[in-house]
Amino acid sequence: QSRSHEEPLFATFLIDTGYYGGPTIRDRYSRLLKNRRSIFYRGEIGSIVFGGHVIRKSGRLRHFSLGPFHHSDLEIRSDSICKLGVKYLSRYRVTIDRPNNRVFLRPSKKYGHRYVYEHAGLFVQWIDGHFTVIHEEPKAVAFLAGIRTGDTIEKVSGRPASDFALATLYDWFQTRQGGPISISC
């Protein structure tokens, strides 16, 4: 639900426990919210998928409600479907009642946490047994350090990159709060 002076926009979201990120919103809703000035995009993200290469927008949604829970200034990405990933759901204690197709949410310790995605401007995927850079944001830290699309990450702060799960690596980058991280390609 988007809160603005206009009617709220209601959408059905897929709960995707295989997707690590935060909320994504369908492209058509994305355009509608942009026209309402309820969503602000800061850039585009490239991804490699089975069908080829896709570009998605990344930005912030002014207001988002999920049942009785309300969030402001929420990181969101455009996509072909609306979905909630593990990063967003980590704000809650989630109970899934599969037989009755119900989900119960209670706020967790991370409920009010404002997530910042890939603040170094580095986007990686696990490809053929390696962390491979699929996109870097121009003028971001990773770009200024010379990291480019197609580079393979070999080490992170002296440890082999293969020691990390993708989700752990993202968390580790995001919780360093500006602390130094060395990346070897």
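Residues numbered from 1 in each chain as written. Predicted model: local features only at pLDDT ≥ 70, side-chain atom pairs only at ≥ 80, totals over all residues. Heavy atoms only, no water.

Draft legend 1. Quick peek at unusual backbone geometry. Even without being glycine, Arg37 reaches a positive phi, approximately 65°. Within the element layout of this structure, Arg37 appears in the loop between α1 (27–35) and β3 (39–49). Accessibility expressed as a relative area gives 60% for Arg37, which makes it exposed. Look at Asn101: it is not a glycine, yet its phi comes out positive at around 50°. Its location among the elements puts Asn101 in the loop between β7 (92–97) and β8 (102–107). The exposed category is assigned to Asn101, whose relative accessible area is 73%. (Helix = DSSP H or I, 4+ residues; strand = E, 2+ residues; numbered from the N terminus. Buried < 20%, exposed > 50% of the residue type's maximum accessible area, 1.4 Å probe, protein only.)

Draft legend 2. Just the sheet that holds strand β12 (residues 155–156), in detail. Sheet architecture is open: three strands sit in the order β13-β12-β14, paired in antiparallel fashion. A strand with exactly one partner marks an edge of an open sheet, and here the two such strands are β13 (159–160) and β14 (183–184). The pairing of β12 with β14 spans two bridges and is classified as antiparallel. Paired with Val156 across the strands is Ile183, a residue of β14. (Pairing = 2+ DSSP bridges.)

Draft legend 3. Molecular detail of the pairing of β8. Here β7 runs beside β8; their pairing, made up of six bridges, is antiparallel. Note that in β8 the partner of Arg93 across the bridge is Arg106. In this structure, the hairpin formed by β7 and β8 is closed by a connection of four residues, where Asn101 is found at a positive phi of approximately 50°.

Draft legend 4. Highlighting the side chain of Glu75. If you trace the backbone, Glu75 turns up in strand β5 (residues 69–79). On the basis of relative accessibility, which here comes to 4%, the residue Glu75 falls in the buried class. Separated by 3.5 Å, the side chains of Glu75 and Arg60 make a polar contact. (Polar contact = N/O pair within 3.5 Å; in protein donor to acceptor, adjacent residues only side chain to side chain.)

Draft legend 5. Structural view of the pattern of salt bridges. One pass over the full model with this rule turns up three salt bridges. The closest approach of N and O atoms between Glu75 and Arg60, which form a salt bridge, is 3.5 Å. Pair noted here: Glu75 is in strand β5 and Arg60 is in strand β4 (residues 52–66), with a separation of 15 residues, a long-range link. In this structure, a network of salt bridges that share partners links the residues Arg60, Asp73 and Glu75. (Salt bridge = Lys/Arg side-chain N within 4 Å of Asp/Glu carboxyl O.)

Draft legend 6. Representation of the side chain of Thr132. Tracing the sequence through the fold places Thr132 in strand β10 (residues 130–136). Excluding residues that lie within four positions of it along the chain, Thr132 makes contacts with Phe123, Val124, Gln125, Ile127, Gly150, Asp151 and Thr152. (Contact = heavy atoms within 4.5 Å.)

Draft legend 7. Structural context of the confidence of the model for the protein. Averaged over every residue, the pLDDT of the protein is 78; the share at 70 or more is 76%. When pLDDT is averaged over each element of the protein, β8 comes out on top at 92 and helix α4 (residues 166–175) at the bottom at 63. (pLDDT = per-residue confidence, 0-100.)

Draft legend 8. Looking closely at the nonpolar core. Counting residues in each nonpolar core, the largest one holds 17 residues, and the members touching the most others are Ile25, Leu33, Leu61, Phe64, Leu66, Leu84 and Tyr88. Every element with two or more residues in this core is listed here: α1, β4, β5 and α2 (86–89). Grouped together as the second largest cluster of nonpolar side chains are eleven residues, Leu122, Val124, Ile153 and Phe164 included. (Core = buried A, V, L, I, M, F, W, Y, C linked by side-chain atoms within 4.5 Å.)

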